[in-house]
Amino acid sequence: MLHLAENLKKYRILKNLTQEDIAEYLGITPQSVSKWERGESYPDITFLPALANIFETSVDLLIGMDFIRAEETRHSIHKAANDFQRKGDYASSEKVYRDALLIYPNNPGMILGLAGVLALQGSSAEAVELIEKGLPLSVNEKQKSTMRAVLCFLYLKCGNDEKAKSLSSALPHMRESREVIQPLIVSGLSDDEIDLNIRNILLGDGKEAG
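First, a word on what this report is: a plain description of the structure on this page. (Residues numbered from 1 in each chain as written. Predicted model: local features only at pLDDT ≥ 70, side-chain atom pairs only at ≥ 80, totals over all residues. Heavy atoms only, no water.)

1. Structural notes on unusual backbone geometry
Within the chain, N16 stands out as a residue other than glycine whose phi angle is a positive 60°. For N16, the position within the fold is in the loop between α1 (4–14) and α2 (19–26). Judged by its relative accessible area of 68%, N16 is exposed. Residues other than glycine seldom take positive phi values, yet E56 does so here, at roughly 55°. By the element assignment, E56 lies in the loop between α4 (48–55) and α5 (59–63). Its relative accessible area of 64% is what places E56 among the exposed residues. (Helix = DSSP H or I, 4+ residues; strand = E, 2+ residues; numbered from the N terminus. Buried < 20%, exposed > 50% of the residue type's maximum accessible area, 1.4 Å probe, protein only.)

Here is the structure:
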C-alpha cells in the first residue's frame, strides 16, 4: 500500500471532504484518518472497500496499483528494447521505443532509450535532439551520466567539436568519466571509433576505442 497515504488525502480533497467526514462515515476517530494520511498507520483492510466507495474510485486505484502496473509496464518495455539491442536488432528496439512514446510521450526514460538506439544506428542528429530533450526531464543520475557521455561522441560526430569538448570536461568522476572520455574527444577519432565508443557506453561491450 505504498501510495495509499497520499491517495487518501488526494481523493478526500477532490471530494471536498474533511478528515472528520471520513471518520464519521467509518465510525472511527479523525485522528486515525490523520495518521493514515501521514503514513503513520494503515486502515484495516476491511475499510478499503468503504473508502473506495466514499471516493467513488476502486480499491486498486486507492492503493496505487495503477502506478505499480505502469512501472512494471515501463520496465518490460526497457527490457524488451535492451534484449533486441543485445542481439543487434536495433530496428526492433527502435520500434519498441517509438511505440512506447505514443503512450508515454514525455517520459525521459523512453526518450533517452530511443536516443540510445538511434545513436547505435548512426542517426546522430535525431539522437542529439532527443538527448537534449530528455536530460532535463530525467531524475536518474546514472541514466543522465551515461547519456551525457554518449552525447559527447554524438556532438563530435555531428561536427560540434567545441560542444563535445565542453561537455566532456564537465563529466563526473564515474565510469563514463571525463578522465576517460575527454582525451578521446580531443584525439581526433574516426567515425568508426566514435560509433564503437557509443556502443561500449550503451551496451558495455568493452573498453573505449582510442
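2. Focus on the packing of helix α8 (residues 108–120) against helix α10 (residues 141–157)
At a minimum axis distance of 11 Å, the contact between α8 and α10 shows a crossing angle of 35°. With respect to the hand of their crossing, α8 and α10 are arranged in left-handed fashion. Together, P108, G109, L112, A115, G116 and A119 of α8 and Q143, M147, V150 and L154 of α10 make up the contact between the two elements. For the contact of α8 with α10, a count of residues per class yields 7 nonpolar, 3 polar and no charged. (Axes fitted to C-alpha atoms, helices over the stretch in contact; angles between N-to-C directions. Left-handed = near helix turned anticlockwise from the far one by under 90°. Contact = heavy atoms within 4.5 Å. Nonpolar A, V, L, I, M, F, W, Y, C, P; charged D, E, K, R; others polar.)

Structural measurements only, silent on function.
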